[in-house]
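Here is how the chains run, residue by residue.
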Amino acid sequence: MSFSNIEPLAREMAARICRREGMAEARISAWVDLHWPCAAAMLEAGVMDETGAWLPGRSLVQGVEAYRERLDRSR
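Report on the accompanying structure.

Procedures and definitions
- Residues numbered from 1 in each chain as written.
- Predicted model: local features only at pLDDT ≥ 70, side-chain atom pairs only at ≥ 80, totals over all residues.
- Heavy atoms only, no water.
- Salt bridge = Lys/Arg side-chain N within 4 Å of Asp/Glu carboxyl O.
- Buried < 20%, exposed > 50% of the residue type's maximum accessible area, 1.4 Å probe, protein only.
- Helix = DSSP H or I, 4+ residues; strand = E, 2+ residues; numbered from the N terminus.
- Axes fitted to C-alpha atoms, helices over the stretch in contact; angles between N-to-C directions.
- Parallel < 35°, antiparallel > 145°, perpendicular 65-115°, else oblique.
- Left-handed = near helix turned anticlockwise from the far one by under 90°.
- Contact = heavy atoms within 4.5 Å.
- Nonpolar A, V, L, I, M, F, W, Y, C, P; charged D, E, K, R; others polar.
- Core = buried A, V, L, I, M, F, W, Y, C linked by side-chain atoms within 4.5 Å.
- Patch = residues over 30% accessible without salt bridge, like charges linked within 9 Å, V, L, I, M, F, W, Y side chains within 5 Å.
- Areas by Shrake-Rupley, 256 points an atom, 1.4 Å probe, with all protein chains shown as cover.

**Notes on the pattern of salt bridges**
- One pass over the full model with this rule turns up seven salt bridges.
- Glu 25 is the salt-bridge partner of Arg 19, the closest N and O atoms lying 2.6 Å from each other.
- For Arg 19, a relative accessible area of 43% gives the class partly exposed.
- We note a salt bridge from Glu 44 to Arg 73, for which the minimum N-O separation is 3.1 Å. Residue Glu 44 is located in helix 2 (residues 25–45), and its partner Arg 73 is located in helix 3 (residues 60–74); the two are separated by 29 residues in the primary sequence.
- The partly exposed category is assigned to Glu 44, whose relative accessible area is 24%.
- Using a relative accessible area of 48% as the deciding quantity, one classes Arg 73 as partly exposed.
- Among the charged side chains, a network of salt bridges with common partners joins Glu 7, Arg 11 and Asp 33.

Here it is, written out as structure tokens:
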């Protein structure tokens, strides 16, 4: 996935996760604004799918590593 189209997908994924976890609708927008880069890293690394579900054989550790790599690239 390229950076040009990842943000909308990651934002939607983050919003789905919030709704699935029962977050109040009024809080979702701010949470998504803060966390979409993490969702983008998970998508790019193939750790989660677009619904926010972990893919078979993938782990939280792999997701955190992907997020760290994404942060390093953005500096």
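Picking up after the structure, the text goes on.
**Let's talk about the packing of helix 2 against helix 3**
- For the pair helix 2 and helix 3, the least separation of the axes is 8 Å and the interaxial angle reads 110°. Comparing their axes, helix 3 and helix 2 come out roughly perpendicular. Remark: the crossing between helix 2 and helix 3 carries right-handed chirality. Each of Trp 36, Pro 37, Cys 38, Ala 40, Ala 41, Met 42, Glu 44 and Ala 45 in helix 2 lies in contact with helix 3, whose residues at this interface are Gly 63, Val 64, Ala 66, Tyr 67, Arg 70 and Arg 73.
- The residue inventory of the contact of helix 2 with helix 3, partitioned by class, reads ten nonpolar, one polar and three charged.

**Digging into the nonpolar core**
- By size, the foremost hydrophobic cluster in this structure holds 17 residues, and its most contacted members are Ala 10, Met 13 and Ile 28.
- For this core, the secondary-structure elements that each account for two or more residues are helix 1 (3–20) and helix 2.

**Things to note about a nonpolar patch on the surface**
- On the surface, a nonpolar cluster with roughly 280 Å² of combined accessible area is contributed by Trp 54, Leu 60 and Val 64.
- Secondary-structure assignment places Leu 60 in helix 3.
- Overall, Leu 60 belongs to the exposed group, its relative accessible area being 55%.

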